[in-house]
Amino acid sequence: MLTINSINKGIVIDHIKAGLGEKIFSHLKLNKSKTPVALIMNVSSNAVGRKDIIKIDEHIDLDYDFLGFVDPNITINIIEDGVITDKISLELPEKIENIIKCNNPRCITSIESNIPNKFYLASGNKGIYRCEYCDGEYSPF
């Protein structure tokens, strides 16, 4: 039986689509954290079947745009004195910067390395993003 203790003060990133926990853990650089962190994978969930969970034993700044882009169904639980004090639901962000790269070889971001990759949400239903420079399409689904 695997036991992961509850945290007294920190953050729980919950309802991560199974298999995406490692990507989020890496992007947040939690492997370099000096505080205790836990990546729990393939946990049973009544709602979605299987999910990943990340527990962080301190408050850190999170990139909500990245998290919402990777999985808009994620919830962020803020823990104080062992109790959830805030629950944040995510959604696909309207704009993202430097999370994905434009695939258009003629896009200015493909030619100039110092220009940030900026995308806007063109279709929330389909999860389609478009490059702000060339209107190139990106769909994570």
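The coordinates are above.
Thresholds, definitions, all that
- For every chain, the first residue of the written sequence is number 1, and numbering continues from 1 onward in sequence order.
- pLDDT decides what is reported in this predicted model: residues at 70 or higher carry local features, side-chain atom pairs at 80 or more are listed and counted, and totals for whole chains, interfaces and linings draw on all residues regardless.
- Here the side-chain values reflect all heavy atoms present in the structure, with hydrogen atoms and water set aside.
- By nonpolar core is meant a set of buried Ala, Val, Leu, Ile, Met, Phe, Trp, Tyr and Cys residues that side-chain atoms within 4.5 Å join together.
- Exposure classes here rest on a 1.4 Å probe applied to the protein chains alone. A residue is buried below 20% of its type maximum, exposed above 50%, and partly exposed in between.
- The helix and strand labels rest on DSSP assignments: H or I over at least four residues marks a helix, E over at least two residues marks a strand, and numbering proceeds from the N terminus.
- Here, residues are in contact when the closest pair of their heavy atoms is within 4.5 Å.
- By definition here, a salt bridge exists when the distance from a side-chain nitrogen of Lys or Arg to a carboxyl oxygen of Asp or Glu is within 4 Å.
- Between any two strands, at least two bridges found by DSSP are needed for them to pair.
- In this description, a line fitted to the C-alpha atoms serves as the axis of each element, helices being fitted only across the stretch in contact, and the angle between N-to-C directions of two axes falls anywhere from 0 to 180 degrees.

Undergrad: In this structure, what is going on with the nonpolar core? I would like to understand it.
TA: Soluble globular proteins tend to pack their nonpolar side chains together in the buried interior. Grouped together as the largest cluster of nonpolar side chains are 27 residues, with contacts concentrated most on Ile 13, Ile 24, Ile 54, Leu 67, Ile 74 and Ile 76. When contributions to this core are tallied by element, the ones reaching two or more residues are strand S1 (10–17), helix H1 (21–27), strand S3 (49–56), helix H2 (64–70), strand S4 (75–80), strand S7 (118–123) and strand S8 (128–131). Here this core gets four residues from one element, more than from any other, and that element is H2. Once residues within four sequence positions are removed from consideration, Ile 13 is found in contact with Leu 28, Asp 52, Ile 53, Ile 54, Ile 56, Leu 62, Ile 74, Thr 75 and Ile 76. Residues Val 12, Ala 38, Ile 40 and Ile 53 belong to the second largest nonpolar core, which totals six residues.

Undergrad: Explain the pattern of salt bridges to me, please; I cannot follow it from the model alone.
TA: It is possible for side chains bearing opposite charge to pair when their charged atoms get close. One pass over the full model with this rule turns up three salt bridges. In this structure, the salt-bridge partner of Lys 51 is Asp 14, at a minimum N-O distance of 3.0 Å. Here Lys 51 is found in strand S3, whereas its partner Asp 14 is found in strand S1, with 37 residues between them in sequence. Residue classification places Lys 51 among the buried residues on the basis of a relative accessible area of 11%. Relative accessible area serves as the criterion here: at 12%, Asp 14 is assigned to the buried category. Ionic pairing is found between Glu 137 and Arg 130, a salt bridge with its closest N-O pair at 3.0 Å. Arg 130 gets classed as partly exposed once you look at its relative accessible area, which sits at 24%.

Undergrad: I would appreciate a short explanation of the sheet that holds strand S5 (residues 83–89) in the present structure.
TA: Sheet strands line up and pair through hydrogen bonds in the backbone, either parallel or antiparallel. One open sheet accounts for five strands, arranged S2-S3-S1-S4-S5; its pairing is antiparallel. On the outer flanks of this sheet lie strand S2 (37–45) and S5, each paired with one strand and no other. Strand after strand, the sheet turns through a mean of 20° between neighbouring axes, direction not considered.

Undergrad: What should I look at first to understand unusual backbone geometry in this one?
TA: Only a minority of non-glycine residues have a phi that is not negative, and only a minority of peptide bonds are not trans. With a phi close to 60°, Asn 42 is a non-glycine residue in the positive phi region. Along the chain, Asn 42 falls in strand S2. In this model, Asp 135 sits at a positive phi of 70°, which is unusual for a non-glycine residue. Counting through the fold element by element, Asp 135 comes out in the loop between S8 and strand S9 (137–138).

Undergrad: Can you help me understand the sheet that holds S8 in this one?
TA: Strand order across the open sheet formed by four strands is S6-S7-S8-S9, with antiparallel pairing between neighbours. Since the sheet does not close on itself, it has two edges, and those belong to strand S6 (95–97) and S9, each with one partner.

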